[in-house]
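# A look at the structure
Given next are the chains, with one letter for each unit.
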Amino acid sequence: MAGASIDTMSTGSINPIAMSLRTAYQPMPAIPSALFGKLAGRTVTVSESGPLGLQPGEIVLTFDDGPRAGTTDSILDTLDQFGVKATFLMLGSAAERYPSMVREVAARGHTIGTHTYDHVALSTLSNHEAIAEIYAGQQAVAAALAPDSIAPSRFFRFPYLAQNGVIRTSAVESRFIVLDVDIDSKDYYAETPQQVLERTLARLDEHGSGVVLFHDIHLRTVAMLPEFLKALRERGYQVVTLRSSGGGVFDGPVITADASSTGSEI
């Protein structure tokens, strides 16, 4: 990945501590988009796993573990408000639960990747079991998108960032594009939105660019996202849109940038 060393700590995004959040955070009031400069940056089309070639000040927004009604839709509204696109790495089990939300994410122009079916640490499985879990997740997300005649992108992220060389190589050879993490927000900790905001901005400023990991299943993330995007604009960052090329895992169509978009391919 571009930037400094990758944070390889497990995300632990689905764990008893994170899911025991008791305080219901409310998102901030809508902020008129006219108050902000251009936050959206270029579109980068990726054909294989590896460094994304991000420039200083460029970031990629990613959201794992969704979709989930009541949080993913609020995050979509905030992203629309600021005019930026993100990559959503979806669980197959969540896609089966909220198929219309999967299609809504795609309809809003965001990139949809996959995150296994049931969020199991693949490093604890055999190679055969791990690849089966990856494909099951991809198939479930693809089924949710099928009514709109589109397919998931080739982007894939390991749950908990847990992997080994054999499973990663197998995923790459299966035409998945493994999306790693540079800045882990750790928004699964039972903390306030302000704490998540401050930690993420501090890590981003240390790196200067990179792929940022959030989870679109947490109310604290919904609450902090408007302030985070406002801070990005004030600091001069730009949000890069990721797309994949080279054909989907099943040689189906992929979610691509609008014809009017400009960007680069790596």
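Just above sits the structure.
All residue numbers refer to positions counted from 1 along the written sequence of the respective chain. Given that the model is predicted, a residue must reach a pLDDT of at least 70 before its local features are reported, and side-chain atom pairs must reach 80 or more before they are shown or counted; all residues, however, enter totals for whole chains, interfaces and linings. Computation of side-chain values covers all heavy atoms of the structure but excludes hydrogens and water.

For the purposes of this entry, the term helix denotes a DSSP run of H or I that reaches at least four residues, the term strand denotes a run of E that reaches at least two, and both are numbered from the N terminus. Scanning the protein from terminus to terminus reveals eight helices and 10 strands. Within the protein, buried positions represent 54% of all 266 residues. Any pair of residues with heavy atoms lying within 4.5 Å of one another is described as a contacting pair. Across the protein, contacts joining residues at least 24 apart in sequence account for 82% of those joining residues at least 6 apart. Total accessible area computed for the protein in this model is approximately 10600 Å², and 52% of it derives from carbon and sulfur atoms. Each residue is placed in one exposure class: buried if its accessible area under a 1.4 Å probe, protein chains only, is under 20% of its type's maximum, exposed if it is over 50%, and partly exposed if it falls in between. Where accessible areas are quoted, they stem from the Shrake-Rupley method and a 1.4 Å probe; at the residue level, only the protein chains shown are allowed to cover.

Attention shifts here to the packing of helix H4 (residues 99-107) against helix H5 (residues 127-145). For the pair H4 and H5, the least separation of the axes is 8 Å and the interaxial angle reads 75 degrees. The angle between H4 and H5 places the two elements in the roughly perpendicular class. Here Pro 99, Val 102, Arg 103 and Ala 106 of H4 come into contact with H5, specifically with Val 141, Ala 144 and Leu 145. Axis lines are fitted to C-alpha atoms, over the contacting stretch for helices. Their N-to-C directions set the angle, which ranges from 0 to 180 degrees. Any angle that falls under 35 degrees is termed roughly parallel, while one over 145 is termed roughly antiparallel, one within 65 to 115 roughly perpendicular, and all others oblique.

On to the packing of helix H2 (residues 72-82) against H4, then. A pair of packed helices is captured by two measures, namely the crossing angle of their axes and the spacing between those axes. Taken N-terminus to C-terminus, the directions of H2 and H4 make an angle of 10 degrees; their axes are 11 Å apart at the nearest point. For the element pair H2 / H4, the angle class is roughly parallel. Every residue of H4 that contacts H2 at Thr 72, Asp 73 and Leu 76 is listed here: Met 101, Glu 104 and Val 105.

Moving on, we get to the nonpolar core. Definition used in this section: a nonpolar core is a set of buried Ala, Val, Leu, Ile, Met, Phe, Trp, Tyr and Cys residues joined via side-chain atoms within 4.5 Å. Among the nonpolar cores identified, the biggest contains 38 residues, and Leu 61, Leu 79, Phe 228, Leu 229 and Leu 232 are the most heavily contacted of them. Ignoring any residue separated from it by four or fewer positions in sequence, one finds Leu 79 in contact with Leu 61, Phe 63, Val 84, Ala 86, Phe 88, His 110, Leu 225 and Leu 229. Membership of the second largest hydrophobic core comes to 12 residues, among which are Val 44, Val 46, Leu 179 and Val 240.

Attention shifts here to the environment of Asp 65. Note on placement: Asp 65 falls in the loop between strand E2 (58-64) and H2. Separated by 52 residues in sequence, Asp 65 and Tyr 117 have C-alpha atoms that sit 9.8 Å apart. By the criterion applied in these results, polar contacts are pairs of N or O atoms within 3.5 Å in which, for protein atoms, one can donate a hydrogen and the other can accept it, and in which residues neighboring in sequence qualify only through two side-chain atoms. A distance of 3.0 Å separates the side chain of Asp 65 from the side chain of His 115, its partner in a polar contact. At a separation of 3.2 Å, a polar atom in the side chain of Asp 65 contacts the side chain of His 119.

Each salt bridge in this description consists of a side-chain nitrogen of Lys or Arg and a carboxyl oxygen of Asp or Glu lying within 4 Å of one another. What the rule picks out here adds up to nine salt bridges. Notably, a salt bridge pairs Asp 64 with Arg 157, separated by 2.8 Å at the nearest N-O pair. Here Asp 64, found in strand E2, pairs with Arg 157, found in the loop between strand E5 (155-156) and helix H6 (165-173); they are 93 residues apart in sequence, far enough to count as distant. Across the pair Glu 191 and Arg 199 runs a salt bridge, and its minimum N-O distance is 2.7 Å. With respect to class, Glu 191 is no different from Arg 199; both count as buried. Salt bridges linked by common partners bring Asp 77, Asp 80, Glu 104 and Arg 108 together as one network.

Next up on the list: unusual backbone geometry. In this model, Gly 66 is joined to Pro 67 through a cis peptide bond whose omega is 5 degrees. Tracing the chain through its elements places Pro 67 in the loop between E2 and H2. Residue Ser 149 is not a glycine yet carries a positive backbone phi of 60 degrees. Take Ser 149: it is sitting in the loop between H5 and E5. Judged by relative accessible area, which is 60%, Ser 149 ranks as exposed.

Glancing now at the packing of aromatic side chains. Here a pair means two rings of Phe, Tyr or Trp (six-membered ring of Trp) with centres within 6.5 Å. Their orientation is stacked below 30 degrees between planes, edge-to-face above 60, and tilted elsewhere. If you walk through the whole model with that rule in mind, you get seven aromatic pairs. Seen from their ring centres, Phe 63 and Phe 214 are 5.7 Å apart, and the 25 degrees between their planes marks the pair as stacked. With a gap of 151 residues between them, Phe 63 in strand E2 and Phe 214 in strand E8 (residues 210-215) connect regions that are remote in the sequence. What makes Phe 214 buried here is its relative accessible area of 0%. Between the aromatic rings of Tyr 135 and Phe 176, the centroid separation amounts to 5.4 Å while the plane-to-plane angle is 80 degrees, which identifies the pairing as edge-to-face.

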